[in-house]
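Residue-level listing of the chains:
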Amino acid sequence: MEWFYENNGQQIGPVSREEMLRLIMQQRIRPETLVWTASFGSSWRPAAGSGLVSPLTGLLRFSAGIPEHWAWVVLVGPWLMQRATLLILNWRHVADIQRLNTLSLVGLMSLVLFLTAFMLDRNAIRESGAKPPGFWWWLFLPGYFWKRRRIVRSGTTLFLVSVMMLTFNVAENIQQWPQIQKNIQILQHKQVSSHPASGADEQREEL
């Protein structure tokens, strides 16, 4: 859909809706600025009454313009990958040593998926004309989704689910800590056994 807007008595356009949103965020289009699109017929309307901005606050209606699918991928995509992998390993009764190798590979793939979706979600916010939360919020997702909700004025469910998942993961890690220690010991033993020559060299040096 093409838009036009008035600037110092001159008609500017056509421009896309995305460009209009950027101009609003830059305050080059104010709530009282006259705008026009084909659905208005022959009349021009203030931006505050065009559906682009709120008549009360002059802020963008982000909830209608920014998708949440990448945010959901950030939140549940890696978690689902890891859960599915654990279920398959348990079902096939994979040995602990082989399990560690598989989980390491899946962990790397999950990280790539997470960071890709995270950057795409931030880019979607940026393209709407808003400034996304900082990059380092990926280290603490509830904080990221809290700031995201304040920016886009939607996404409460994302924030609440992120808090619940964090709580669940922390409780689960505490419960599984003995098994985690066992896996670390297995990995250390595997590394030592894979370098027997170095151990023999050390014994010869001591003699």
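For the structure given in this document, a descriptive report is provided here. (Residues numbered from 1 in each chain as written. Predicted model: local features only at pLDDT ≥ 70, side-chain atom pairs only at ≥ 80, totals over all residues. Heavy atoms only, no water.)

**A look at the environment of Arg149**
Along the polypeptide, Arg149 turns up in helix 4 (residues 141–152). C-alpha of Arg149 to C-alpha of Pro133: the two residues are 16 residues apart in sequence and 10.0 Å apart in space. Filtering out sequence-adjacent residues up to four positions away, Arg149 remains in contact with Ser154, Gly155 and Thr156. (Helix = DSSP H or I, 4+ residues; strand = E, 2+ residues; numbered from the N terminus. Contact = heavy atoms within 4.5 Å.)

**Overview of helix 5 (residues 156–175)**
Taking 1.5 Å of rise per residue, the 20 residues of helix 5 would be expected to cover 28 Å, and the 29 Å separating its terminal C-alpha atoms lies within 8% of that figure. Among all positions of helix 5, only Leu158, Phe159, Val161, Ser162, Met165 and Glu172 are buried. Buried residues of helix 5, viewed axially, fall in a sector of 165°; they line one side. In helix 5, the exposed residues that point more than 90 degrees away from the buried face are Met164, Thr167, Ile174 and Gln175. Those residues of helix 5 that are buried lie in contact with helix 2 (69–92) and helix 4. (Expected span 1.5 Å × (residues − 1). Buried < 20%, exposed > 50% of the residue type's maximum accessible area, 1.4 Å probe, protein only. Arc of directions from axis to C-beta.)

**Here's the deal with a nonpolar patch on the surface**
Taken together, the side chains of Met119, Phe135, Trp136, Trp137, Leu139, Phe140, Leu166, Val170 and Ile174 define a hydrophobic patch exposed on the protein surface, amounting to about 920 Å² of accessible area. Looking at the nonpolar patch element by element, the count peaks at three residues for helix 5. Residue placement: Trp136 occurs in the loop between helix 3 (96–127) and helix 4. (Patch = residues over 30% accessible without salt bridge, like charges linked within 9 Å, V, L, I, M, F, W, Y side chains within 5 Å. Areas by Shrake-Rupley, 256 points an atom, 1.4 Å probe, with all protein chains shown as cover. Salt bridge = Lys/Arg side-chain N within 4 Å of Asp/Glu carboxyl O.)

**Side note on the environment of Lys131**
Here Lys131 is to be found in the loop between helix 3 and helix 4. With a relative accessible area of 71%, Lys131 lands in the exposed category. Each C-alpha atom, one on Lys131 and one on Ile151, is 7.9 Å from the other, the two residues being 20 residues apart in sequence. Setting aside anything within four residues of it in sequence, one finds Lys131 in contact with Ile125 and Ile151.

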